[in-house]
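What follows is each chain in one-letter form.
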Amino acid sequence: DAIWRNLAQAERELRQGEGLTAEILDLDGDGHEEIWVHSDQFSAIVSPWRGGALEEYTVFATETNYANTLTRRREAYHDTALEQRAETHGGDGGTPSIHDIEEGLRLEQRPPLDANDRALLVDRILPAGLDLNQYASGDFWPVRSWASAHYNHRISRTPEAVDIVCEGGLLSKRFRFSADGAITVGYTWDVSAGQAVDRFAVELSLSAPLEIRSEPSAETWSYPIETVAKSERGFDRTRQGESITLRWPVQLGAATIEIQVPAPLPLAHGEVGSQRVAG
């Protein structure tokens, strides 16, 4: 969080007075191009190679990247702890060594894992029988997933908005970015992609709360994103953010999501904008 906050502060200074624009470049060096949309108010990265997911959404006024959440991954020490049957040593009253602690680590069940890297606006069709607990565990098979889809895309620009259309694999995804950082995403999908009882679902993995509206109104699932990591105390469970998933019946064939611009951070006493007033 501190690193992203410093990056937001630096980019805000560099982009003072800039208008809304979009660049195409390979920002993360993975061999695939991303679309970088930015103004003097925000910075966002759309990845056509990842189903049009929003990999970064930084609002300068709040100094927050709302896509900054960790993916829940399998770790070797999870497997060891699941198999571990030995009790922690150190029963002689002394302080347990790091080796004693390691041998005593135990897990009753495997921590939840993610099949796909987390981001904003990851799209799937979920089976009708899936419940929230199973979905939150990551132990499910979607009817269809666009999390790794490779989209064709086109971009149009005006002074007021940047429009990006991503298409491929029975789904069309249309972004509109406004200069202040507001985002509208329109979806159109082929209803044959799932059964009538299935649900078209859009997941946003948020590091901080955002106001999200949908049309038509969606059924919403939410759960905390937590990771389980080894420390000198044993296992630590850390909240990384929150998963918000909007769900619609597949037969609708279309939906729209609006991401509202977050309110600026409150100013501390004696501050004007980003500059502190000398006493």
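Preceding block: the structure.
A. Spotlight on unusual backbone geometry. Note the cis peptide between Glu215 and Pro216, where omega equals -5 degrees. You can see Pro216 is positioned in the loop between strand 13 (212-215) and strand 14 (219-231).

B. Structural context of the pairing of strand 3 (residues 42-47). Buried residues dominate strand 3, accounting for six of its six residues. Residues of strand 3 alternate between two faces, with Phe42, Ala44 and Val46 on one and Ser43, Ile45 and Ser47 on the opposite face, all of them buried. Pairing analysis gives four bridges linking strand 2 (residues 34-38) to strand 3, with the strands arranged antiparallel. If you follow His38 over to strand 3, its bridge partner there is Ser43. The turn joining strand 2 and strand 3, which pair antiparallel and follow one another in sequence, is formed by three residues.

C. Region of the structure containing helix 1 (residues 2-14). The end-to-end C-alpha separation of helix 1 is 19 Å, in line with the 18 Å expected for 13 residues at 1.5 Å each. Where helix 1 is buried, its residues meet strand 2, strand 3 and strand 4 (53-59).

D. Structural context of the packing of aromatic side chains. Under the counting rule described, the total for this entry stands at ten aromatic pairs. Geometrically, the ring pair formed by Tyr135 and Tyr223 is edge-to-face, given 6.0 Å between the ring centres and 85 degrees between the ring planes. Pair noted here: Tyr135 is in helix 4 (residues 132-137) and Tyr223 is in strand 14, with a separation of 88 residues, a long-range link. Take Tyr135: its relative accessible area is 2%, and that puts it in the buried class. Owing to a relative accessible area of 7%, Tyr223 belongs among the buried residues under this scheme.

E. Spatial organisation of the sheet that holds strand 8 (residues 152-157). Taken together, six strands build an open sheet; the order of strands is 8-9-10-11-16-13 and the sheet is antiparallel. Bordering the open sheet on either side are strand 8 and strand 13, each of which pairs with just one other strand. In this sheet, adjacent strand axes meet at a mean angle of 15 degrees when their direction is disregarded.

F. Structural detail: the side chain of Arg12. Looking at the element boundaries, Arg12 is found in helix 1. Under the relative-accessibility criterion, Arg12 is labelled buried at 18%. A polar contact is formed between the side chain of Arg12 and the backbone oxygen of Phe60, at a distance of 3.1 Å.

G. Expanded view of the environment of Ala161. Within the element layout of this structure, Ala161 appears in strand 9 (residues 161-168). When near neighbours in sequence (up to four residues on either side) are disregarded, Ala161 contacts Leu20, Ser156, Arg176 and Phe177.

H. Fine view of the pattern of salt bridges. With the rule as written, the count across this model stands at 13 salt bridges. In this structure, Glu203 engages Arg118 in a salt bridge whose closest nitrogen and oxygen atoms are separated by 3.0 Å. Note that Glu203 is positioned in strand 12 (residues 199-206) and Arg118 in the loop between helix 3 (98-104) and strand 6 (120-126), a separation of 85 residues in sequence. Taking relative accessible area as the criterion, Glu203 reaches 6% and is therefore assigned buried. Across the pair Arg154 and Glu167 runs a salt bridge whose closest N-O atoms are separated by 3.2 Å. Residue Arg154 is found in strand 8, and its partner Glu167 is found in strand 9; the two are separated by 13 residues along the sequence. By relative accessible area, which is 34% here, Glu167 ends up partly exposed. Because the salt bridges share partners, they merge into one network encompassing Asp114, Arg118, Arg124 and Glu203.

About the criteria used
- Residues numbered from 1 in each chain as written.
- Predicted model: local features only at pLDDT ≥ 70, side-chain atom pairs only at ≥ 80, totals over all residues.
- Heavy atoms only, no water.
- Helix = DSSP H or I, 4+ residues; strand = E, 2+ residues; numbered from the N terminus.
- Buried < 20%, exposed > 50% of the residue type's maximum accessible area, 1.4 Å probe, protein only.
- Pairing = 2+ DSSP bridges.
- Expected span 1.5 Å × (residues − 1).
- Contact = heavy atoms within 4.5 Å.
- Phe/Tyr/Trp six-rings, centres within 6.5 Å; stacked < 30°, edge-to-face > 60°.
- Axes fitted to C-alpha atoms, helices over the stretch in contact; angles between N-to-C directions.
- Polar contact = N/O pair within 3.5 Å; in protein donor to acceptor, adjacent residues only side chain to side chain.
- Salt bridge = Lys/Arg side-chain N within 4 Å of Asp/Glu carboxyl O.

As far as function goes, none of this settles anything; it's purely spatial.
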